[in-house]
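Structure assessment
Chain by chain, the residues:
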Amino acid sequence: MLIYANRTSQPYLQFKVHGQLPVKGMIVEETPESKMAVPHCFALYNGSRMINVAASCEEDKYKWIEDINRVISDMKTGPESENYLPKLPQVTLNSLPGEEHDREGSANESAEAREKSFQQRGNTSTHVCWHRNTSIGMRDYSRAMSHQLSGYLLRKFKNSNGWQKLWVVFTNFCLFFYKTFNEDAPLASLPVLGYTISTPEPVDSIQKDLVFKLQFKNHVYFFRAESEYLFTRWMEVVGSATQNSARTRLFSRMDSYFDAGY
């Protein structure tokens, strides 16, 4: 079942179901952009019902088309196949874009206290995708399950001077920060969906080696690895869940889409 919802007028993020469309027997068609006022559109048909939807970008459009067609195809093989989807992990969001800060604050407030205050605002992957205007496909979840990493990193905020050494765990599209490897609860977390990963530019004034940069709009974080090997691994693993490799994933997804004859 494909469910579509509207955001309510509540001060906190909540959705109200607006309608639903059975996936069984559904037909998905791309909509020529010349016929629509917005780009990245496709149409969903089921019986006499039809809805037009638009993704936020071309990559997300092909994510939706591929995943919906996969479910349609799988359901044709028998009712037992309806349970083929794995249980999907949840992504937490401790500070929403628009409310998010670099946690540098005033000089009188400790970094630990600031991070713990943000820790109280946990939300699900629904909130991450909504606020960052992005989508998560089945390939993304599959990739997330095979790309996990932990180790010590030095972290620096955009406007801070020093580096803080933290034990960092990357799993389920999210970086979790701990004081040490034997801590039970993280100090904070950073979902990387919608972020870009790169090396620092001269304007960043980072005079260190083995540093990678994570950025979403005006939110910027720098991380320094302990060795060339670990730097490469962090770039690879975190990059698998960010927009760093979006172009590669898009063409791979389009090849799969057309090879399948959709």
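Residues numbered from 1 in each chain as written. Predicted model: local features only at pLDDT ≥ 70, side-chain atom pairs only at ≥ 80, totals over all residues. Heavy atoms only, no water.

The angle between the axes and the distance between the axes are what describe a pair of packed helices. With their axes 9 Å apart at the nearest point, helix H1 (residues 58-75) and helix H4 (residues 138-146) run at an angle of 90 degrees to one another. By the criterion of interaxial angle, the relationship of H1 to H4 is roughly perpendicular. Counting all contacts with H1, which are made through Lys63, Glu66, Asp67 and Arg70, the residues of H4 involved are Met138, Arg139 and Asp140. For the contact of H1 with H4, the residue count by class is one nonpolar, no polar and six charged. (Axes fitted to C-alpha atoms, helices over the stretch in contact; angles between N-to-C directions. Helix = DSSP H or I, 4+ residues; strand = E, 2+ residues; numbered from the N terminus. Parallel < 35°, antiparallel > 145°, perpendicular 65-115°, else oblique. Contact = heavy atoms within 4.5 Å. Nonpolar A, V, L, I, M, F, W, Y, C, P; charged D, E, K, R; others polar.)

The next thing to look at is the nonpolar core. The biggest cluster of nonpolar side chains holds 33 residues, and the ones touching the most others in it are Leu175, Phe212, Leu214 and Trp234. If one sorts the elements of this core by residue count, helix H5 (residues 228-239) sits on top with five residues. If near-sequence neighbours (up to four positions away) are discounted, leucine 175 is found in contact with Val168, Val169, Phe170, Ala188, Ser189, Leu190, Val192, Leu214, Phe223, Trp234 and Val238. (Core = buried A, V, L, I, M, F, W, Y, C linked by side-chain atoms within 4.5 Å. Buried < 20%, exposed > 50% of the residue type's maximum accessible area, 1.4 Å probe, protein only.)

Before going further, it helps to examine the sheet that holds strand S6 (residues 149-157). Here we have seven strands laid out as an open sheet, ordered S9-S8-S7-S6-S12-S11-S10, and antiparallel in their pairing. Looking along the sheet, the strands with just one partner apiece sit at the ends: strand S9 (188-191) and strand S10 (196-198). Averaged over all pairs of adjacent strands, the angle between their axes in this sheet comes to 35 degrees, without regard to strand direction. Here six bridges tie strand S11 (residues 211-216) to strand S12 (residues 219-224), and the two strands are oriented antiparallel to one another. (Pairing = 2+ DSSP bridges.)

The final tally for this structure, using the stated rule, is eight salt bridges. Between arginine 139 and glutamate 66 there is a salt bridge, and its shortest N-O distance comes to 3.0 Å. Placement of arginine 139 in helix H4 and of glutamate 66 in helix H1 is noted, with a sequence separation of 73 residues between them. Looking at arginine 139, the relative accessible area reads 24%, which means it is partly exposed. A salt bridge links aspartate 67 to arginine 70, with the nearest nitrogen and oxygen atoms 3.1 Å apart. Highlighted residues: aspartate 67 and arginine 70, both in helix H1, separated by three residues, approximately one helical turn. Aspartate 67 gets classed as buried once you look at its relative accessible area, which sits at 12%. In the salt-bridge network here, residues are joined through shared partners; they are Glu66, Asp67, Arg70 and Arg139. (Salt bridge = Lys/Arg side-chain N within 4 Å of Asp/Glu carboxyl O.)

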